Number of protein chains: 2
Amino acid sequence: MNVKRPTPTLHDVATRSGVSTATVSRCLNFPDQVAERTRKKVMKAIDDLGYSPNFGAKVMAARRTNTIGAIIPTMENAVFARGLQAFQEELRDHGFTMLVASTSYRPDVEEEQVRALVARGADALLLIGHDRDPAVYEFLEAQGVPALVTWAFDAGSQRPSVGFDNKAAMHEMASEVIALGHRNLAFISAKTRMNDRATARYHGIKSAMTEAGLNPDDLLFAETTYSIEHGAEEFEKVMQAPVRPTAVFCGNDVLAVGALRRARELGIKVPQEVSILGFDDIELAQIAYPALTTVHVPHREMGRRAAMALVGLLKDGTPIKPVKLHAAPIFRDTLAAAAGS
Amino acid sequence: MNVKRPTPTLHDVATRSGVSTATVSRCLNFPDQVAERTRKKVMKAIDDLGYSPNFGAKVMAARRTNTIGAIIPTMENAVFARGLQAFQEELRDHGFTMLVASTSYRPDVEEEQVRALVARGADALLLIGHDRDPAVYEFLEAQGVPALVTWAFDAGSQRPSVGFDNKAAMHEMASEVIALGHRNLAFISAKTRMNDRATARYHGIKSAMTEAGLNPDDLLFAETTYSIEHGAEEFEKVMQAPVRPTAVFCGNDVLAVGALRRARELGIKVPQEVSILGFDDIELAQIAYPALTTVHVPHREMGRRAAMALVGLLKDGTPIKPVKLHAAPIFRDTLAAAAGS
């Protein structure tokens, strides 16, 4: 155990001035965004304690643990597994260990895990998608822990990401489906709230419909949670709609595989009677029978590039540059022309 | 940041006496196992420093982080995902966070990750299987970090496990297969070195052969790494053996799904020409077509019971009792009577 001198920390400043560490951080970095009264209180605490942000940064650097946390929505069905495997391999080549936490798609659990990983000294975090409470980003900033977003790409975001354009990829697949004569479309999605990937995929289908002269409001839309069983249930429901869809898009391959299984159980022929489309191109997509038409996500490339970006930042101070990778449809056996078209 | 008094630690004692922390721990707990000269050196260092093991234990208790590490061989194909999900849910109900590391089935990577998780303050570790360098257990003991083994059950081990009997489960399935007239058997396994689960499954097939009056040396045996592609490759090889097997056991469902896929590509009918058997009963097993006959592992029950055991130990000091769960064959569509029998 090392003996530590009582160096004042950001946290000490926050406690003394009765504000959050995020507010202290804002006072130092963006003083314009803080009420003058608060700013004065914080600055007085900084003076009283002899706190030096530079010294804090140095302590942070010396505190390096060579551990990087990755917080993913789920470990089930290996949706994120191949990307994380590549992320870990690249990190390991540079002397970093990866620790993973999974949130069950729950923002409150994610927040707990962000705190846990920061408390355990993670040098940086990998996060999936941009959508989360801004307080999470403020906390990370205040703690000096950089975070990189992946699995999504948002050119308009302040925060750099290494990902792909979920909307454009789904738009491209939907356009191909519509070109095959499909007019009655359904989308079985993950819950779109706080999930920018699901939201973007939804808008991708809508924009392809608009572009093709269809009414996007005609899209049959169902929200559920990602699981094979839920995919099966929702598929059965959408197939009972007054106007039966001839193409069912699924928010990911797990839902699509469930839809495929229920189609078989119900004696509905795929792709002759209905086309089923996935998203992700995980191993399941090829194992499914018939093999699934889906959007291929460059899992390994994305994981590797995300690791390189964080290693560059931590080792050499190289700022993270956004990286937009290409995700595009891969055509297998569950898509055919609409019957009668 | 809390100010810490310079309390002597186990590590300080080790440094001063020029031995490992594991040796210091042994001197305190099992003095008989240590050479007298070493023991004297260590005891002198303890006196000189004023080290108190009781005080150390108290520091350890106060240091609780409510974080439990799980180190698994792989995140791919969700082999361990369902069990870990249940483990995490149960831990969370008791205020603990789970952090996961994955080793790619490499003992050297596992050792790095044990060190990383202990350095990050994990209160306890979940480990898969018993086989590892004894130095790992000594390190954990010296650091006062309890470890629980799962996915295996070894009544003879000193270390408690919450798992199932891999050998008995595979023996039961192999007996059923042999009862259906199969005489020419193959086993496509993970590498058995440092993998007690793979080793036990291998012996399970052999013991069923012996019991049925077959010569266990006739088992066609191939070792590879767990992946769909390797399962496919090894299946193709074993089917070219001079005496073609009528039943191919696979070390897990991932290999079995690969075998199944290659059989379809080669036009070999399953189960009419060859039966294919998996192990684990992960989601893949039901998605596969035909649906896979495999050994059902009680993933969720195992994860939940493992979490309960660790929570009981950490919260109430309840010693971990070994828990042996039941794993048994589940018959689906890839097993049939041997042709001509």
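As annotated in an unreviewed UniProt entry, chain A carries the name LacI family transcriptional regulator and comes from Yoonia sediminilitoris.

Draft legend 1. Seen up close, the overall build of chain A. Scanning chain A from N- to C-terminus turns up 13 helices and twelve strands. Residues classed as buried in chain A amount to 56% of the 341 residues present. Counted over contacts in chain A with a minimum sequence separation of 6, partners at least 24 positions apart contribute 70%. Carbon and sulfur atoms provide 49% of the accessible area of chain A, an area that totals close to 14,400 Å². Across chain A, 39 positive and 40 negative side-chain charges occur, with their mean positions spaced 6 Å apart.

Draft legend 2. Spotlight on the interface of chain A and chain B. At the interface, 47 residues of chain A touch 46 residues of chain B. Together chain A and chain B conceal approximately 4,400 Å² of surface at their shared face, both sides included; 56% is due to carbon and sulfur atoms. Counting across the interface, chain A meets chain B through four salt bridges. Between Arg92 of chain B and Glu112 of chain A there is a salt bridge, with the nearest N and O atoms lying 2.6 Å from each other.

Draft legend 3. Highlighting the domain arrangement of chain A. Residue and element names in this part refer to chain A. Partitioning chain A into structural domains gives domain 1 (65–164 + 299–326) and domain 2 (166–297). Summarising the inter-unit geometry, the C-alpha centres of domain 1 and domain 2 are found 28 Å apart. Taken together, the contact pairs 19 residues of domain 1 with 18 residues of domain 2. With both chains or domains summed, domain 1 and domain 2 bury close to 1,500 Å², and 55% of this area falls on carbon and sulfur atoms. Applying the counting criterion to the domain 1 and domain 2 interface returns zero salt bridges. Counting every contact that joins domain 1 to domain 2 gives seven residue pairs in polar contact (both at pLDDT 80 or more). For the side of domain 1 that touches domain 2, the class distribution of residues is ten nonpolar, five polar and four charged.

Draft legend 4. Local environment of helix α11 (residues 253–266) of chain A. Residues and elements named next belong to chain A. The first and last C-alpha atoms of α11 sit 20 Å apart over 14 residues, in line with the 20 Å expected at 1.5 Å per residue. Extensive coverage of α11 is indicated by the burial of eleven of its 14 residues. Looking only at α11, the buried set comprises Asp253, Val254, Leu255, Ala256, Val257, Gly258, Ala259, Leu260, Arg261, Arg262 and Ala263. The N-cap of α11, judged by a side-chain oxygen 3.0 Å from the amide nitrogen of Val254 a few residues on, is Asn252. Downstream of α11 by a residue or two, Gly267 has a phi angle that is positive, lying close to 75°.

Draft legend 5. View of the sheet that holds strand β9 (residues 275–277) of chain A. All names here are of chain A. Read from one edge to the other, the open sheet built from four strands follows the order β7-β6-β8-β9, with strand pairing classed as parallel. Each end of this open sheet is capped by a strand with a single partner; those strands are β7 (220–224) and β9. When strand polarity is set aside, the average angle formed by the axes of neighbouring strands in this sheet is 15°. By the bridge criterion, three bridges tie strand β8 (residues 247–250) to β9 in an arrangement that is parallel.

Draft legend 6. Looking closely at the relation of the copies chain A and chain B. Overlaying chain A on chain B yields an RMSD of 0.1 Å, the required transformation being a rotation through 180° with an accompanying axial translation of 0.0 Å. Seen this way, the second copy is the image of the first under a two-fold rotation axis. A shared interface surface links the copies, since 98% of the contact residues of chain A are contact residues in chain B too.

Draft legend 7. Focus on the packing of aromatic side chains. Residues and elements named next belong to chain A. Applying the stated criterion across every chain, the model contains 13 aromatic pairs over all chains. In textbook terms, an aromatic cluster arises when at least three aromatic residues are bridged by ring pairs, as seen for Phe187, Tyr202 and Phe221. For Arg159, the ring lying beneath its charged end belongs to Tyr137, and the centroid distance is 3.9 Å.

What counts, and at which threshold
- Residues numbered from 1 in each chain as written.
- Chains lettered and ligands numbered in written order.
- Predicted model: local features only at pLDDT ≥ 70, side-chain atom pairs only at ≥ 80, totals over all residues.
- Heavy atoms only, no water.
- Helix = DSSP H or I, 4+ residues; strand = E, 2+ residues; numbered from the N terminus.
- Buried < 20%, exposed > 50% of the residue type's maximum accessible area, 1.4 Å probe, protein only.
- Contact = heavy atoms within 4.5 Å.
- Areas by Shrake-Rupley, 256 points an atom, 1.4 Å probe, with all protein chains shown as cover.
- Lys, Arg positive; Asp, Glu negative; His and termini not counted.
- Charge placed at Lys NZ, Arg CZ, Asp CG, Glu CD.
- Buried area = accessible area lost by both parts, 1.4 Å probe.
- Salt bridge = Lys/Arg side-chain N within 4 Å of Asp/Glu carboxyl O.
- Domains from an automatic or database assignment.
- Polar contact = N/O pair within 3.5 Å; in protein donor to acceptor, adjacent residues only side chain to side chain.
- Nonpolar A, V, L, I, M, F, W, Y, C, P; charged D, E, K, R; others polar.
- Expected span 1.5 Å × (residues − 1).
- Pairing = 2+ DSSP bridges.
- Axes fitted to C-alpha atoms, helices over the stretch in contact; angles between N-to-C directions.
- Least-squares fit on C-alpha atoms with pLDDT ≥ 70 in both.
- Phe/Tyr/Trp six-rings, centres within 6.5 Å; stacked < 30°, edge-to-face > 60°.
- Lys NZ or Arg CZ within 6 Å of the ring centre and 35° of its normal.

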